[in-house]
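# Coordinate inspection notes
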Amino acid sequence: MSDTTNKSIRTAQAKRFWDMGVGRKLGKTSFAAYLTDIPKVPADPLTDDTAYPYFILAEPRLGLKRLCELGGVVFDGNDETFIAYDKAHREFTQPTWIRIQDGRKNRNRTVRDCRKSFGKDERGLTALQGVCAYLQHPTVLSESTQADAHVMDLSGSVRRAGRADAASLELWDGQPELLCHWDGIALPLCGAASRRDCKAL
């Protein structure tokens, strides 16, 4: 992949957040100013990775609730609703590039089982990372009425009031919604998404 392509990926994903209003909420007065905060595209995602086919810019600085509001994702909770499943799933504090798989390969498996089967360098997506994935690549979700219906389980985030409930991102009547469900149930439309971190340049 050429340097021009690398720059276009960085610009396109940053522009998506800028057009939502993220940069302005952070006090940036121009897209150029916002773009300076976005890290360069790491070296290792420049080749195809069939295990983690989506290349995602995670933008955590406004918090989950505000990101959902700006991105049109229904979420009845707040920034305290979900917590990290464990230390390995602590949320990023700055914009970060990740590679993900959307969980389709894990459909009809419990979140608990998926966590146990994740590889050494694999982590379950958090609620915020799942929202970022949808905002950058809407095809990670599909409605129950579609042939490839899919809900993303976000096993890196659990409900503060009940750790057995993992976050999930669903699509209903064209509207994305951030919810949660019990991590011990296997559902045919649901599968745990996961990530691997990208090495910085």
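Throughout what follows, the structure given in this document is the object of discussion. (Residues numbered from 1 in each chain as written. Predicted model: local features only at pLDDT ≥ 70, side-chain atom pairs only at ≥ 80, totals over all residues. Heavy atoms only, no water.)

### Focus: the layout of surface pockets
The space that makes up the largest pocket amounts to roughly 250 Å³. What lines the largest pocket is a set of 15 residues, among which L64, D79, F82, E91 and L128 lie closest to the centre. Listing elements by their share of the lining of the largest pocket, those giving two or more residues are β2 (82-84) and α6 (127-136). Top element by residues in the lining of the largest pocket is β2. It accounts for three residues. (1 Å grid on protein atoms, 1.4 Å probe; cavity = no way out; pocket = protein on both sides within 12 Å on 5 of 7 lines; lining within 4 Å. Points joined across faces, edges and corners; volume = space filled by probe spheres on them. Helix = DSSP H or I, 4+ residues; strand = E, 2+ residues; numbered from the N terminus.)

### Quick look at the packing of aromatic side chains
Think of a pair of aromatic rings as described by two things: how far the centres are apart, and how the planes are tilted against each other in angle. Considering all chains together, one arrives at four aromatic pairs under this definition. With a centroid separation of 5.9 Å and an interplanar angle of 10°, the aromatic rings of F75 and F82 are classed as stacked. Judged on exposure class, the residue F75 and its partner F82 are both buried. Among the aromatic residues, ring-to-ring pairing joins W18, F31 and Y34 into one connected group. (Phe/Tyr/Trp six-rings, centres within 6.5 Å; stacked < 30°, edge-to-face > 60°. Buried < 20%, exposed > 50% of the residue type's maximum accessible area, 1.4 Å probe, protein only.)

### So, the side chain of D165
Considering the arrangement of structural elements, one finds D165 in strand β6 (residues 162-172). Side chain to side chain, D165 and R159 meet in a polar contact 2.6 Å long. Among residues more than four places away in sequence, those in contact with D165 are S157, V158, R159, C180, H181 and W182. (Polar contact = N/O pair within 3.5 Å; in protein donor to acceptor, adjacent residues only side chain to side chain. Contact = heavy atoms within 4.5 Å.)

### With respect to helix α4 (residues 64-71)
All of the buried residues in α4 are L64, L67, C68 and G71. Buried residues along α4 cover an arc of 100° about the axis, so they all sit on one side. Two residues or fewer past α4, G72 is found with a positive phi of approximately 75°. (Arc of directions from axis to C-beta.)

### What to know about the pairing of strand β7 (residues 175-182)
In the sheet, β6 pairs with β7 via eight bridges, with the strands oriented antiparallel. Within β7, the residue paired with E170 across the bridge is E177. Hairpin connection from β6 to β7: two residues lie between these consecutive antiparallel strands, with D173 at a positive phi of about 50°. (Pairing = 2+ DSSP bridges.)

### As for the packing of α4 against α6
Following both chains from N to C, one finds α4 and α6 inclined at 20°, their axes separated by 10 Å at the closest point. The angle between the axes of α4 and α6 places the two elements in the roughly parallel class. Of the two elements, α4 crosses α6, and the hand of that crossing is left-handed. Contacts between α4 and α6 involve L64, L67, C68 and G71 from the first element and A127, L128, V131, C132 and L135 from the second. In terms of residue class, the contact of α4 with α6 is made up of eight nonpolar, one polar and no charged. (Axes fitted to C-alpha atoms, helices over the stretch in contact; angles between N-to-C directions. Parallel < 35°, antiparallel > 145°, perpendicular 65-115°, else oblique. Left-handed = near helix turned anticlockwise from the far one by under 90°. Nonpolar A, V, L, I, M, F, W, Y, C, P; charged D, E, K, R; others polar.)

### Regarding the nonpolar core
If you look at the biggest cluster of nonpolar residues, it comprises 44 residues, and the most contacted ones within it are F17, L64, L67, V131, L169 and L178. Of all elements in the fold, only α1 (3-20), α3 (31-35), β1 (54-58), α4, β3 (96-101), α6, β5 (151-159) and β6 reach the threshold of two or more residues within this core. If one sorts the elements of this core by residue count, α6 sits on top with seven residues. Once residues lying within four places of it in the same chain are set aside, the contact partners of L67 are F17, M20, V22, E59, L128, V131, C132 and L135. (Core = buried A, V, L, I, M, F, W, Y, C linked by side-chain atoms within 4.5 Å.)

### What about the sheet that holds strand β9 (residues 194-197)?
Strand order in this open sheet of four strands is β1-β3-β9-β4, and the pairing throughout is antiparallel. With one partner strand each, in any of the chains shown, β1 and β4 (123-124) form the two edges of the open sheet. Note: β3 against β9, four bridges, orientation antiparallel. Opposite I100, over in β9, you have R195 as the bridge partner. Sheet strands touched by α6: β1, β3, β4 and β9. Its angle to β1, the strand with the most contacts, is close to 120°.

Interpretation note: all reported values are geometric properties and have no functional meaning in isolation.
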